[in-house]
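# Working through the structure, step by step
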Amino acid sequence: MPRYVGQRVPQVTVSGLLADDLFLDVRDPGEFAAGHAPDAQSVPVDELEMHRFALPMNRRLVAMSRTGERGADATVELREMGFQAVNYDGGLEAWVAAGGAIVTDDGGPGRLA
C-alpha cells in the first residue's frame, strides 16, 4: 500500500519548478538507465534512507517517477526526514507531455521504461 494514502502530498508541475530544484528520479536503476529528465539524480525509493545524508537540505527536492505514485511515496518519506520535497505531478509521463526531454546518462535520447 502506498505511504501517501490519506495524506496531501505537495505537488509541482513544470510551471512551478525553481532553478535550484534537485530532481530525484526514484525509479529502479534500469528504468533510470533507459531514460530520465536531464540532470536528474538516481535515488531509488527503497534507497532513500541510505542516501539521506548525501542529499542537500538547502535545496528543494523534486521526486520523479513514471506516473507520480512512487514519487508521492518518496516525497512523504523525504519530508519525514526533514527535507523540503515535492512530487512531480503526473511523473515523467506528464514531464514528457509538457515537452520535457528524456535522456540517457551520456546525453543521448532516452525512453520511458
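First, a word on what this report is: a plain description of the structure on this page. (Residues numbered from 1 in each chain as written. Predicted model: local features only at pLDDT ≥ 70, side-chain atom pairs only at ≥ 80, totals over all residues. Heavy atoms only, no water.)

Right, let's get into the packing of aromatic side chains. One pass over the full model with this rule turns up two aromatic pairs. Summarising the aromatic geometry, the rings of Phe23 and Trp95 are spaced 5.4 Å apart at their centres and angled 80° between planes, so their arrangement reads as edge-to-face. Taken together, the positions of Phe23 in strand S2 (residues 22-25) and Trp95 in helix H4 (residues 91-97) put the pair 72 residues apart, joining distant regions of the chain. Of the two residues, Phe23 and Trp95, neither departs from the other in class, the shared state being buried. Aromatic pair Tyr88 and Trp95: ring centres 5.7 Å apart, planes at 75°, arrangement edge-to-face. Pair check on accessibility: Tyr88 and Trp95 agree, each one buried. (Phe/Tyr/Trp six-rings, centres within 6.5 Å; stacked < 30°, edge-to-face > 60°. Helix = DSSP H or I, 4+ residues; strand = E, 2+ residues; numbered from the N terminus. Buried < 20%, exposed > 50% of the residue type's maximum accessible area, 1.4 Å probe, protein only.)

On to unusual backbone geometry. Here Asp39, not a glycine, exhibits a phi torsion of approximately 70°, which is positive. Along the polypeptide, Asp39 turns up in the loop between helix H1 (29-34) and strand S3 (41-42).

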